[in-house]
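Overview (structure and organization)
Residues per chain, in single letters:
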Amino acid sequence: MRKYVIMGVQGSGKGTQSQLLREEFDLVHISVGDIFRWQVRNHTKIGAQVKRIMAAGELVGDDLVESVVRRRLDQHDWNYGFIIDGFPRNGRQAEFFMESYDIDAVIHLELPDDEVRRRVLSRRLCPNCGMDYNLIADRPEQEGRCDICGHELVTRADDTPEALEARLRDYHEKTRPVLELFRRKEVVHDVDGRPPLEEVQQAIRTTLGLPPYKG
Ligand code: AMP
């Protein structure tokens, strides 16, 4: 059983790196942002509550986030473990998490703010199957269309310069202290998020003592 948290500023590759770990080690990938985006797309009650907050790049209230995380983990479909992405994002969420679940490692993807801006503003998403693209490093084969399902690609509602600045500010003010909390427990593994994604995946596996990435 492997229980990981992946942290890093938006655009640092958390989603991509989590997927690669999930596929090989049969982990359940829990992305709080993806859960909320699903709720918004499907016009649920939770979706209505979070839509505006997300579009502005602000953080959703802790009570709601915690109940979503608890409900997801209570499904207990993670026989081989989980990798949780986008949570915890502040001190209170970290306390809640550490009280309920013990974790093996926190993977911290490091990326300078300028690189974050460059990556995030060129990010595109398939609203149908959830596949992520990047117009710099990971272009779709046909412009504006998903390689997997052919759906038209969109820009995430919160990938605007204003929302990005709000998220960067929150990250530095609220999420960085969470890392310090985890550091005291000696579970943090810092990984440089700048190299190509295969190299980053390999670095994660090396530091966690996992079998190598074969691509
Ligand atoms: P992400 O895909 O992780 O960038 O999350 C997208 C948005 O979902 C964030 O900008 C927040 O509005 C909301 N969100 C995701 N995770 C959390 C969290 N742990 N706490 C509060 N809000 C969150």
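Please refer to the structure placed before this passage.
Below is a summary of the structure that appears in this document. (Residues numbered from 1 in each chain as written. Predicted model: local features only at pLDDT ≥ 70, side-chain atom pairs only at ≥ 80, totals over all residues. Heavy atoms only, no water.)

**A look at the overall build of the protein chain**
From N to C terminus, the protein chain includes 8 helices and 7 strands. When its C-alpha atoms are laid out on the principal axes, the protein chain stretches across 45 × 40 × 35 Å. Residue burial in the protein chain is summarised as follows: out of 215 residues, 47% are buried. Residue pairs in contact within the protein chain that sit at least 24 positions apart in sequence constitute 69% of those at least 6 positions apart. Carbon together with sulfur atoms contributes 47% to the accessible area of the protein chain, which is approximately 11300 Å² in total. Taken as two groups, the 32 positive and 37 negative side-chain charges of the protein chain have centres that lie 3 Å from each other. (Helix = DSSP H or I, 4+ residues; strand = E, 2+ residues; numbered from the N terminus. Buried < 20%, exposed > 50% of the residue type's maximum accessible area, 1.4 Å probe, protein only. Contact = heavy atoms within 4.5 Å. Areas by Shrake-Rupley, 256 points an atom, 1.4 Å probe, with all protein chains shown as cover. Lys, Arg positive; Asp, Glu negative; His and termini not counted. Charge placed at Lys NZ, Arg CZ, Asp CG, Glu CD.)

**Description of the side chain of Gln 17**
Inspection of the secondary structure puts Gln 17 in helix H1 (residues 14–25). Judged by relative accessible area, Gln 17 falls into the buried class, the value being 3%. Not counting chain neighbours up to four residues away, the residues in contact with Gln 17 comprise Ile 6, Leu 109, Leu 197, Val 200, Gln 201 and Ile 204.

**Regarding the pairing of strand E1 (residues 2–8)**
Along any regular strand the residues' side chains alternate between the sheet's two faces. Most of E1 is tucked away, with 6 of its 7 residues classed as buried. Direction of pairing for E1 relative to strand E4 (residues 105–110): parallel, over a ladder of 5 bridges. Residue Tyr 4 lies in a different strand from E4, and its bridge partner there is Ala 105. (Pairing = 2+ DSSP bridges.)

**A word on unusual backbone geometry**
In the segment running from Phe 87 into Pro 88, the intervening peptide bond is cis, with an omega of -5°. With respect to the secondary-structure elements, Pro 88 resides in the loop between strand E3 (81–85) and helix H5 (91–100). Not every positive phi belongs to a glycine, and Asp 26 is a case in point at roughly 60°. Unlike most non-glycine residues, His 76 shows phi in positive territory, near 50°. Assignment of secondary structure puts His 76 in the loop between helix H4 (62–73) and E3. Judged by its relative accessible area of 53%, His 76 falls in the exposed class.

**Concerning the pattern of salt bridges**
The full count for this structure, using the stated rule, is 19 salt bridges. The partner of Arg 72 in a salt bridge is Asp 77, and the shortest N-O contact between them spans 3.0 Å. With its nearest N and O atoms 3.0 Å apart, the salt bridge here joins Glu 115 to Arg 118. In this pair, Glu 115 and Arg 118 are both assigned in helix H6 (residues 113–120), 3 residues apart and thus about one turn of the helix distant. (Salt bridge = Lys/Arg side-chain N within 4 Å of Asp/Glu carboxyl O.)

**Digging into the environment of Tyr 213**
Here Tyr 213 is to be found in the segment after helix H8 (197–208). Setting aside anything within four residues of it in sequence, one finds Tyr 213 in contact with Leu 20, Glu 198, Gln 201, Gln 202 and Arg 205.

**Comments concerning a negative patch on the surface**
Where like charges cluster on the molecular surface, the negative patch consists of Asp 132, Asp 138, Glu 141 and Asp 147. The topology assignment puts Asp 138 in the loop between strand E6 (132–134) and helix H7 (161–184). (Patch = residues over 30% accessible without salt bridge, like charges linked within 9 Å, V, L, I, M, F, W, Y side chains within 5 Å.)

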